[in-house]
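# Analysis of the macromolecular model
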Amino acid sequence: MFNQKKFIVSHAPFIHNGSSITDKTYNIMIAAFIAVLPSICLYGAAALKVVAISVSTAIIWEVLLNKATKRPYSVGNGNAALIGLLFAMLLPAGVPLWLVVIGTFIAVVIGKEIFGGMGANPFNPALIGYAILMVSWPDLLDFDEVLVNYKFDFVMLSPIAALKHFGPDSVALFPACDLLVGKQIGGIGSTCGILIILGGVYLIIRGFIRWEISVSFLAGVAITAVLFNLSDQAQYGGPVIHLLSGYTLIGAFYLATDDSSSPVNFIPMLIYGAGCGIMTVLIRNIGSYVDGVVLAIILMNLASPLIDKIRPKAMGKV
Amino acid sequence: MINKPFIGFLKPKIEYETAGPTTSAPREISSSGHVVLFAERPPANRDSLVLNTGDKVNTGQKLSVFKDSDHYVIATVTGAISDISSYTGDQGKKFTSITIKSEKKEEVDDEFGGKCKEPAIENAKEFLGCIAGMPELDKLMDPEKPIKTIVVNGMDPDIMVSANQYSVRYDCAGVRKGIEILKKMSGVDNIILIIPPTLKRETQLEKIETQIIDTKYPAASPSLIAKDILKQVVPAGKSFEDVGLFFIGAESVAAIAHAYEKGAVPVKKIVTVIQKDLSRTVVSAVIGTPISNILSAVGVTVNEKDRVVIGGLMTGRAVYSLDYPVQPDTDAVLVQDMEDISDISDNACINCGECIRVCPANVPVNLLVRFLEAGEYEEAAYNYDLYSCIECGLCSYVCTAKIPIFQYIKLAKYEHALILAAEAEAEAAEAGEAENV
């Protein structure tokens with residue numbers, strides 16, 4: 001019972017909702033890149049250079065590793081470029097370019113590829129890159145040091161570092177609306193709060209990142225900061241500076257929401273996000289590092305599979 | 001293709017086709033040439049078969065196929081058997097295919113009418129096992145697993161399909177009579193008809209007790225009907241009979257009514273033809289009609305590299321040939337243009353969690369798929385809820401990485417059944433050895 005025509009035969013279902021990894025990463029990149037634009041206007045070619053080198057070397061490292069491990073080229077899905085972009089967004093504009101190249105190597109190769117590529121990375125790759133550089137070359141990533149040659153019409157101090165070193169009195173130097181529109185020292189893509197929030201809201205509406213993580217992250221930061229502030233106003237800053245400076249916003253919308261290193265169930269997402277937020281403020285207020293976002297998220301990445309065990313019982317499970 | 005909406009953080013909403021008031025009654029497809037019937041297992045050898053090529057058969061005649069089994073098929077046309085051979089279907093399941101060349105003059109067999117004046121479960125089991133929807137009526141007779149509730153499904157198992165819904169809409173009297181007969185023959189008083197909200201008027205006119213169901217896929221899946229409407233969750237790995245439930249389609253119920261009314265076994269099946277532009281035509285065809293007949297009658301051209309599917313978009317089975325016949329449980333025939341066929345990939349799971357949010361059975365799909373990809377079927381079955389899956393296909397539909405998750409799940413269930421069978425065999429052999437010693 002065969003006739004001549006040959007048909008495509010495959011398994012159900014025969015429709016797909018049209019989503020794809022490429023679509024997802026490109027959307028995240030577009031949303032994230034909007035937050036980079038103010039820094040490019042501010043620092044000019046220096047910022048653009050860091051972003052370009054970061055994205056391109058991230059792609060090159062992935063191609064080289066695909067070649068070395070004899071696996072199909074996976075750069076087409078945009079994940080390497082996204083890691084490069086997010087990594088660049090954390091760096092100050094004046095960072096030496098060799099450091100960027102090393103950073104993307106660590107992010108792409110050690111952060112992602114050696115675990116088996118996209119989807120298998122236990123930590124956010126960009127954060128692994130940044131954390132290792134932060135430990136190895138702390139001076140080169142210190143905003144106040146690296147950007148010492150720039151002079152703009154706002155206070156040339158990293159707000160989060162000022163808070164740590166000079167106490168909450170320095171918060172008066174940084175009005176909330178200045179922080180929101182990007183008038184602060186910081187990473188290339190992490191200063192302009194309003195654009196980060198806009199991009200993040202766009203991604204949440206499109207379903208590319210989960211609101212549970214972002215919202216609970218910000219809530220965790222705010223509540224912990226309020227509690228610290230209430231306990232000793234002379235020593236700890238309030239929630240506004242914690243929310244709008246440092247890596248808080250980029251962490252909440254772009255870093256903590258990385259798919260493979262974050263939980264997928266509803267309650268675990270809330271716990272994970274809140275954990276990131278709480279740890280961030282704890283590290284900032286009690287720890288020795290200036291900004292806690294990077295280490296807080298890496299720590300919660302580590303706990304993510306464990307938290308994700310809290311899941312609803314499957315139907316009919318006895 | 002039903003695409004993800006721009007606002008994508010909500011769950012996808014796939015609606016069942018609910019036959020609106022403008023749809024017309026099914027179009028009759030005249031049977032021409034031959035029909036092909038499938039019997040449950042392959043012929044062991046020529047001598048094991050009761051049937052021979054050249055045997056004359058009448059429409060509605062019960063044909064016992066194997067000498068050592070009471071399995072039967074119902075001849076759906078009048079004519080002579082022209083071929084008996086082995087056919088391999090999905091997952092290597094083998095059947096005996098019986099081809100009957102039809103003659104112009106139709107003679108309706110009177111064995112059923114003569115023997116079965118009064119509806120009874122015994123004669124229904126004897127003659128009505130191959131009517132539209134293939135109801136497993138013998139389950140109503142199992143003394144070890146008494147049935148407490150019969151659910152008549154007026155919804156169809158897949159989206160864009162209407163067979164049961166058509167029966168309720170255009171043959172509501174038949175459904176009502178069928179329910180009465182079922183009540184009488186099974187002795188089960190609790191019979192519920194499940195319908196979409198659009199069919200409320202028809203069932204009210206016939207005064208049938210109904211339960212309205214959500215029209216969002218997969219609410220009409222038997223497991224979810226049991227959970228949401230009957231508040232009775234079936235434990236994973238158990239069957240519906242184990243908890244006293246019996247599911248039957250409205251089309252089958254109506255067919256049972258007609259069988260006793262006319263004294264002849266019904267031989268037709270309602271089939272939804274879903275064309276390339278997703279427009280739908282509902283036809284009524286004799287069981288065993290090759291789908292090529294149906295497609296040409298409806299006017300669908302099928303080209304090389306298109307996809308032809310028996311069943312609906314979410315749960316159907318693609319076939320290799322247009323000679324495949326309409327079976328008693330074929331609710332739809334779907335033709336997809338090669339342009340519309342979405343690709344699948346060998347990407348790894350990126351843990352985005354879309355499947356988790358869409359799964360109606362709360363299966364941890366993101367973890368399950370990792371074990372399935374690695375072939376760890378036992379681990380998947382015992383720790384990652386493989387058997388809680390109700391096989392709706394939504395996980396594959398939403399998968400960002402385009403992993404064929406549903407295929408992995410079906411394969412895993414098949415492979416795991418083989419593992420269990422091999423284990424049972426080894427255990428039995430061991431027990432036998434121990435006895436010998």
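Rules and cut-offs
- Residues numbered from 1 in each chain as written.
- Chains lettered and ligands numbered in written order.
- Predicted model: local features only at pLDDT ≥ 70, side-chain atom pairs only at ≥ 80, totals over all residues.
- Helix = DSSP H or I, 4+ residues; strand = E, 2+ residues; numbered from the N terminus.
- Rg over C-alpha atoms; globule rule 2.2 N^0.38 Å.
- Buried ≥ 20, exposed ≤ 12 C-beta atoms within 10 Å, placed from the backbone.
- Pairing = 2+ DSSP bridges.
- Domains from an automatic or database assignment.
- Contact = placed C-beta atoms within 7 Å.
- Nonpolar A, V, L, I, M, F, W, Y, C, P; charged D, E, K, R; others polar.
- pLDDT = per-residue confidence, 0-100.

### Some remarks on the overall build of chain B
The secondary structure content of chain B amounts to 13 helices and 16 strands. The C-alpha radius of gyration computed for chain B amounts to 22 Å, which stays within 12% of the reference 22 Å derived for 437 residues, consistent with globular compactness. In terms of its C-alpha atoms, chain B occupies a principal-axis envelope of roughly 75 × 60 × 50 Å. For chain B, the proportion of its 437 residues judged to be buried stands at 47%.

### A word on the sheet that holds strand E7 (residues 94-102) of chain B
Residue and element names in this part refer to chain B. Spatially, the 4 strands line up as an open sheet ordered E2-E7-E6-E3, and their pairing is antiparallel. The two strands at the open ends of the sheet, each matched to only one other strand, are strand E2 (34-39) and strand E3 (56-57). Note: E3 against strand E6 (residues 79-88), 2 bridges, orientation antiparallel. From the neighbouring strand, Lys56 faces E6, where its bridge partner is Ala80.

### Side note on the domain arrangement of chain A
Residue and element names in this part refer to chain A. Split into domains, chain A comes out as domain 1 (22-140) and domain 2 (158-177 + 209-307). Each partner contributes to the interface: domain 1 provides 15 residues, whereas domain 2 provides 12 residues. Elements with a contribution of two residues or more to the side of domain 1 that touches domain 2: helix H3 (79-90) and helix H5 (125-136). Counting residues per element, the side of domain 1 that touches domain 2 draws most heavily on H5, which supplies 5 residues. Looking at side-chain class alone, the side of domain 1 that touches domain 2 contains 12 nonpolar, 3 polar and no charged residues.

### Brief notes about the pairing of strand E12 (residues 268-274) of chain B
In the case of a regular strand, side chains alternate between the two sheet surfaces. Residue and element names in this part refer to chain B. Of all 7 residues making up E12, 7 are buried, and the element is well covered by its neighbours. With burial as the criterion, each face of E12 is covered, one bearing Lys268, Ile270, Thr272 and Ile274 and the other bearing Lys269, Val271 and Val273. The pairing of E12 with strand E13 (residues 280-286) spans 7 bridges and is classified as antiparallel. Bridge pairing in E13 links Val271 to Val283. Between E12 and E13, which follow one another and run antiparallel, lie 5 residues, and Leu278 among them has a positive phi close to 65°.

### Overview of the confidence of the model for chain A
The predicted coordinates should not be examined in detail at positions where pLDDT is low. Looking at chain A as a whole, the pLDDT averages 93, with 99% of positions reaching at least 70. In the model of chain A, helix H6 (residues 143-146) of chain A stands out as the element of lowest mean pLDDT, 89, in contrast to H3 of chain A, which has the highest, 97.

### Observations regarding the interface of chain A and chain B
On the side of chain B, 62 residues touch chain A, which itself brings 43 residues to the contact. Secondary-structure elements contributing two or more residues to the side of chain A that touches chain B are helix H1 (21-43) and helix H9 (193-206) of chain A. Sorting elements by how many residues they give to the side of chain A that touches chain B places H9 of chain A first, with 3 residues. Taken together, the residues that form the side of chain A that touches chain B break down as 20 nonpolar, 15 polar and 8 charged.

### Regarding the environment of Ser190 of chain A
In this structure, Ser190 of chain A sits in the loop between helix H8 (176-180) and H9. Those residues in contact with Ser190 of chain A that sit more than four places away from it in its chain are Met89, Leu90, Tyr247 and Ile250 of chain A.

### Some words on the confidence of the model for chain B
Residues and elements named next belong to chain B. Taken over all residues, the pLDDT of chain B has a mean of 89, while the share at 70 or more is 98%. Considering each helix and strand of chain B separately, the mean pLDDT is smallest for strand E1 (residues 27-28), with a value of 83, and largest for helix H10 (residues 365-373), with 95. Interface confidence for the predicted complex, expressed as ipTM, amounts to 0.90; the pTM equals 0.92.

### Regarding the domain arrangement of chain B
Residues and elements named next belong to chain B. Taken domain by domain, chain B consists of domain 1 (27-262), domain 2 (268-340) and domain 3 (354-432). The C-alpha-based centres of domain 1 and domain 2 are spaced at 20 Å. Mapped by element, the contributors of at least two residues to the side of domain 1 that touches domain 2 are E1, E2 and helix H3 (164-170). Counting residues per element, the side of domain 1 that touches domain 2 draws most heavily on E2, which supplies 4 residues.

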